[in-house]
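Here are the chains, one letter per residue:
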Amino acid sequence: MKVAILVGSLRENSYNKTLATFIQKRYAKDIDGELLDLNLPLYNEDLESDLPADVVAFKKEVHDADAVLFVTPEYNHSISGVLKNAIDWASRITPDLKEKPGFIVGASMGGLGTVRAQMHLRQILDTMGMRILPANEVFISAAHTKFDEKGDLIDEGTVAFLDSVVANFVAFYERNK
Ligand SMILES: Cc1cc2nc3c(=O)[nH]c(=O)nc-3n(C[C@H](O)[C@H](O)[C@H](O)COP(=O)(O)O)c2cc1C
């Protein structure tokens, strides 16, 4: 299963990027994940007549993927502008996310681990008919305490839960493809 991984933080030492890389490596047997570059120009309808090359490349990666993994930070109780911008680009000209299967994880330094951002994200993705894995909600709170210096998740309970969510997603994908 080819999975486009969309990380909503551009920060070099982003916990969400670390989480995405951990998932990419740990579940490589089940999912062929690729982290996409979301450092795209701000969406502007005027650019649609002559799409920037990086937007074309991004849209193709999403379009060609079998599924999408969203790895979201929480900014001011919602998703980041970076992630929303990427979703907006993916939704235009060719509807690259339409009816695609996907799942959501997120990490934040706060106590709720991106709960509010993920609620918004599910609502946004519903508008394009994405088939997001229901019920499996991965909220990684206090992210600054959950990774070691190699970028591995060190919280055993979180890793075990993530194992079950990825297994559930693989089964969901197989049932619905
Ligand atoms: C503009 C901004 C808004 C933020 N708002 C929230 C928030 O609403 N809830 C929360 O838990 N953390 C919030 N944070 C803290 C983030 O959880 C923290 O910066 C986290 O490390 C961001 O993810 P990253 O490590 O992947 O970049 C905010 C951070 C920024 C920069």
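About the cut-offs
- Residues numbered from 1 in each chain as written.
- Predicted model: local features only at pLDDT ≥ 70, side-chain atom pairs only at ≥ 80, totals over all residues.
- Heavy atoms only, no water.
- UniProt positions renumbered as here; feature names shortened; annotations may be inferred.
- Buried < 20%, exposed > 50% of the residue type's maximum accessible area, 1.4 Å probe, protein only.
- Helix = DSSP H or I, 4+ residues; strand = E, 2+ residues; numbered from the N terminus.
- Contact = heavy atoms within 4.5 Å.
- Phe/Tyr/Trp six-rings, centres within 6.5 Å; stacked < 30°, edge-to-face > 60°.
- Lys NZ or Arg CZ within 6 Å of the ring centre and 35° of its normal.
- Near = heavy atom within 4 Å.
- Polar contact = N/O pair within 3.5 Å; in protein donor to acceptor, adjacent residues only side chain to side chain.
- Areas by Shrake-Rupley, 256 points an atom, 1.4 Å probe, with all protein chains shown as cover.
- Nonpolar A, V, L, I, M, F, W, Y, C, P; charged D, E, K, R; others polar.
- Pairing = 2+ DSSP bridges.
- Right-handed = clockwise from strand over helix to strand, strands pointing away.

- The name given to the protein in an unreviewed UniProt entry is NAD(P)H-dependent oxidoreductase, with the source organism recorded as Listeria booriae.
- Taken directly from UniProt, the Sequence similarities (unreviewed entry) text for the protein runs: "Belongs to the azoreductase type 2 family."

### Concerning helix H3 (residues 81-90)
Then, in step 1: Of the residues making up H3, those classed as buried are Leu83, Asn85, Ala86, Ile87, Trp89 and Ala90.
Then, in step 2: The inward-facing, buried residues of H3 abut strand S1 (2-7), helix H2 (53-64), strand S3 (67-72) and helix H4 (115-126).

### Some remarks on the packing of aromatic side chains
The geometry of two aromatic rings is summed up by the distance between their centres and the angle between their planes.
Then, in step 1: Scanning all chains against the criterion turns up four aromatic pairs.
Then, in step 2: Arranged with centres 6.1 Å apart and planes meeting at 35°, the rings of Phe169 and Phe172 form a pair that is tilted. Highlighted residues: Phe169 and Phe172, both in helix H5 (residues 156-176), separated by three residues, approximately one helical turn. In terms of burial, Phe169 and Phe172 fall into one category: buried.
Then, in step 3: The structure contains a cluster of three or more aromatic residues connected by ring pairs, namely Phe103, Phe169 and Phe172.
Then, in step 4: The residue whose ring lies beneath Arg11 is Tyr15, and the NZ or CZ to ring-centre distance is 5.5 Å.

### Here's the deal with the site of the ligand
Then, in step 1: Neighbouring the ligand are 14 residues; Ser9, Arg11, Ser14, Asn16 and Asn76 lie closest to it.
Then, in step 2: Between the ligand and Asn16 there is a distance of 2.8 Å, counted from an oxygen atom to a side-chain nitrogen or oxygen.
Then, in step 3: Protein chains bury 73% of the 620 Å² of accessible surface belonging to the ligand in isolation.
Then, in step 4: Split into classes, the residues belonging to the shell around the ligand amount to four nonpolar, seven polar and three charged.

### Concerning the environment of Thr18
Then, in step 1: Tracing the backbone through its elements, the reader meets Thr18 in helix H1 (residues 15-26).
Then, in step 2: Each C-alpha atom, one on Thr18 and one on Leu36, is 14 Å from the other, the two residues being 18 residues apart in sequence.
Then, in step 3: Discounting chain neighbours no more than four positions away, the residues touching Thr18 are Phe147 and Gly151.

### Quick look at the side chain of Ser14
Then, in step 1: Of note, Ser14 is situated in the loop between S1 and H1.
Then, in step 2: Within the local environment of Ser14, its side chain forms a polar contact with the backbone nitrogen of Asn16, the two atoms lying 3.1 Å apart.
Then, in step 3: Reaching out from Ser14, the side chain makes a polar contact with the backbone nitrogen of Lys17 at a distance of 2.9 Å.

### Description of the UniProt feature "domain: NADPH-dependent FMN reductase-like" (unreviewed entry) in the protein
Then, in step 1: In this numbering, the UniProt entry assigns the feature "domain: NADPH-dependent FMN reductase-like" (unreviewed entry) to residues 1-144.
Then, in step 2: Between the C-alpha atoms that bound residues 1-144 there is a distance of 31 Å. The span itself is 32% helix and 19% strand.

### Structural notes on the pairing of strand S2 (residues 32-35)
Then, in step 1: Pairing analysis gives four bridges linking S1 to S2, with the strands arranged parallel. From the neighbouring strand, Val3 faces S2, where its bridge partner is Gly33.
Then, in step 2: For the crossover that starts at S1, traverses H1 and ends in the parallel S2, the hand is right-handed.

### Things to note about the pairing of S1
Then, in step 1: Along S1, five of the six residues are buried, which leaves the element largely enclosed by surrounding structure.
Then, in step 2: Where S1 meets S3, five bridges bridge the pair, whose relative direction is parallel. Considered in S3, the bridge of Val7 is made with Val71.

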